[in-house]
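Here's the letter readout for the chains.
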Amino acid sequence: MGRSVCSSRKTSKVQTLSGHLLRALNGGSPHPCIADFLLGFHFFSAQMEKANHYKRTLLLIILITCVFIIFHLRSPRSNGFIPKRRGPRYVCKPLITEQTITPLKNTKHLLVSAFMDQRVKGFDVRIIGMFLRDSIQPLYCLFCCSGHLNGTKPAMVLPHTDHFGFPFGATDVMCQLPKNCDVSHVTLLTRPSTRDVSDLSWIPVKNKKTRGKDELTENFTVCISTLFGKYNNVLQFAQSLEMYRGTTEIILPPCNIAWFSSCSTEDKMIAEKWLLGVNRVVIYNNSCGPDLEHLLQSYVQEGFVEMVPWPIDKHMNPSHGWQRSQSEGDIHYFGQLTTLNECIYRSMNRSRYVLLNDIDEIIMPYMHNNLMSLMDRLQPLHPDVGVFLIENHVFPKKYFDPSGKFHLPQWRGVPGINILEHIYREDPDRDIYHPYKMIVQPRMVEQTSVHEALKYFGKTYRVPLEVCRLIHVRVALRRSLTLEQLNVDKRLWDFQEKLISNVDRVLGKLGFLTIKN
């Protein structure tokens, strides 16, 4: 009956319904329509509450499921997804080699040193080594950048063309740096994988730029390739080293020494007055006699000689000669080609010029009193030249100056050859190959052999023998020549006073002199 009454009054105004509702709330008798309304309202509210409960439950189930799925997918499992980590993936703990010769893992090759070298487009680091020539395979460069591994890069292997027929030869390996790599060490791999790097030997990368512009601190460096066989020629060694360097004395202004870039205006200044003007001599020492070892250590302490240990015989059987048909072995002349190249790169950021010669040879200017004056003359005339070839001239050690002028009593007990006593010079036989030695600008040389550069930037120039030649005191090269067929050459005597004084000072300090001068 209430529903029919309510239906009949659907057209009532809202205000009338509101008034009835207020009376009912104030305790009055509820209107039949109000009762129906309240009953419907409670029913609707119950249904809404029930629906909201279902929604909340469903939402909670969906949320828990999503969290579980996300956590499951991000968990590190062997077959799951591993998100890419930010920054370096591995920390390299370099096993830094203390040796000058380092075996390359899984090969028969040997590594020597690594240098920054960006002169060849597309590459940044050059590794110098000795490779077995018939076993060269693809290699990969691995870098340690700020203490972290930074991936592998394919290497370019560059064997040197001169090897004189021996199984091992000097070899360069070129590497490209990854982006934003502050490299400290490098090594080589036979496979592009970094899974097992725990036992790798890392080679320090040298010649890194430490300031905006490199400043060369030396004018001349002499590279002496290899000492071996218990060499003990003390007197000739001391004479050659003292011929290259000189003494320190005080000079007064105005400063007019051409090889100084700037001069002081002080009343007095200390400057070096050299014989030939070499700043440093680098020697690769496999073995030498005890007397020569004593002498060399004295020069090392003074800072004039840099001695590089060269234990090549621990890794292979080096030849004592330069030609395999005459001297068997694994590599030419105790690795001479490798040491000459290593010395060039070792000196590249330090020295303006590098002299490549043996210890029994002196590159001697004949129209100038020192090497700097010589090069100050030659370089402006040949600005594009990076390799200056100096002709070799042999002074046979079996012929002596007949006057005996320099057969000095204080040197009689010193082992070795007295170069001042040998004044007879052979003329080269130019109908056959005649060797040269070199003065090079190291930054213009990429690869070198003993008597010529193999790869270089710029040009070469053969210096006329009247300007400069090599004084080489040794056994006769042209043994058929008689004494009358030789030339008298007393160029060394022009330096006799200072040379003898300097040699006496060195040998006397070390106790080699038998009679006090």
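Above this text sits the structure in question.
Predicted, not measured: the structure shown is a model, and the values here were computed from it.

*Asks:* Can you walk me through the overall build of the protein chain in this structure?
*Replies:* Within the protein chain, the secondary structure is distributed over eight helices and 25 strands. The 517 residues of the protein chain split such that 46% are buried. Restricting the contact set of the protein chain to residue pairs at least 6 apart, pairs at least 24 apart contribute 75%. When the accessible surface of the protein chain is split by element, carbon and sulfur atoms take 55% of a total near 28100 Å².

*Asks:* Sorry, what's going on with the pattern of salt bridges here?
*Replies:* Oppositely charged side chains can pair when the atoms bearing their charge come close. Going through the model one piece at a time under the given rule, you end up with 22 salt bridges. The residue Glu302 makes a salt bridge to Arg245 at a minimum N-O spacing of 2.9 Å. Here Glu302, found in helix α5 (residues 290–302), pairs with Arg245, found in the loop between α4 (234–244) and β12 (247–251); they are 57 residues apart in sequence, far enough to count as distant. Its salt-bridge partner being Arg346, residue Glu342 comes within 3.0 Å of it at the nearest N-O pair.

*Asks:* How do you make sense of the pairing of strand β3 (residues 110–116) when you look at a structure like this?
*Replies:* Strand residues, when the strand is regular, have side chains that alternate between the two faces of the sheet. Extensive coverage of β3 is indicated by the burial of seven of its seven residues. Pairing of strand β2 (residues 102–103) with β3, which is carried by two bridges, proceeds in the antiparallel orientation. Bridge pairing links Thr102 to Leu111 in β3. In this antiparallel pair of consecutive strands, β2 and β3, the connection spans six residues, and Asn106 shows a positive phi of 65 degrees. Sheet analysis places β3 next to strand β10 (residues 201–206), joined by two bridges and oriented parallel. Looking at the pairing, Phe115 lines up with Lys206 of β10.

*Asks:* So what exactly am I meant to see when it comes to helix α8 (residues 496–509) here?
*Replies:* Given 3.6 residues per helical turn, the α-helix brings residues three or four places apart onto the same face. In this model, α8 (14 residues) spans 20 Å end to end at C-alpha, consistent with the 20 Å of a helix rising 1.5 Å per residue. Within α8, burial applies to Leu499, Ile500, Asn502, Val503, Asp504, Val506 and Leu507.

*Asks:* Which parts of the structure should I look at to understand a nonpolar patch on the surface?
*Replies:* Taken together, the side chains of Leu60, Leu63 and Ile64 make up a nonpolar region of the molecular surface, amounting to roughly 310 Å² of accessible area. Along the chain, Leu60 turns up in helix α3 (residues 32–74).

*Asks:* What is the right way to read the state of the cysteines from this model?
*Replies:* Put plainly, two cysteines are in a disulfide when a covalent bond ties their sulfur atoms together. Evaluation of the coordinates by the stated rule reveals three disulfides. Put simply, Cys141 and Cys175 are joined by a disulfide, and their sulfur atoms are 2.0 Å apart. Between Cys141 and Cys175 the sulfur-sulfur dihedral comes to about -75 degrees; the bridge is accordingly left-handed. Separated by 34 residues along the polypeptide, Cys141 in strand β5 (residues 140–145) and Cys175 in strand β8 (residues 168–175) bring together distant segments of the chain. Residue Cys175 is classed as buried on the basis of its relative accessible area of 0%. Through a disulfide, Cys223 is tied to Cys343; the S-S separation comes to 2.0 Å. Here the S-S torsion is close to -80 degrees, and the disulfide linking Cys223 with Cys343 is therefore left-handed. Of this pair, Cys223 sits in strand β11 (residues 218–227) while Cys343 sits in helix α6 (residues 336–346), and the two are 120 residues apart along the sequence. The exposure classification of Cys223 matches that of Cys343, with both residues buried.

*Asks:* Is there a simple way to think about the nonpolar core in this case?
*Replies:* Generally speaking, nonpolar side chains in soluble globular proteins are found buried as a group. Ranked by size, the top nonpolar core spans 68 residues in total, and within it Leu295 and Leu507 carry the most contacts. At seven residues, the largest contribution of residues to this core is made by α4. Ignoring sequence-local partners within four residues, the contact set of Leu507 consists of Val234, Leu235, Ala238, Leu295, Trp411, Val414, Phe512 and Leu513. Ranked by size, the runner-up nonpolar core spans 35 residues in total, among them Ile128, Trp310, Met316 and Ile344.

Parameters at a glance
- Residues numbered from 1 in each chain as written.
- Predicted model: local features only at pLDDT ≥ 70, side-chain atom pairs only at ≥ 80, totals over all residues.
- Heavy atoms only, no water.
- Helix = DSSP H or I, 4+ residues; strand = E, 2+ residues; numbered from the N terminus.
- Buried < 20%, exposed > 50% of the residue type's maximum accessible area, 1.4 Å probe, protein only.
- Contact = heavy atoms within 4.5 Å.
- Areas by Shrake-Rupley, 256 points an atom, 1.4 Å probe, with all protein chains shown as cover.
- Salt bridge = Lys/Arg side-chain N within 4 Å of Asp/Glu carboxyl O.
- Pairing = 2+ DSSP bridges.
- Expected span 1.5 Å × (residues − 1).
- Patch = residues over 30% accessible without salt bridge, like charges linked within 9 Å, V, L, I, M, F, W, Y side chains within 5 Å.
- Disulfide = S-S within 2.5 Å.
- Core = buried A, V, L, I, M, F, W, Y, C linked by side-chain atoms within 4.5 Å.

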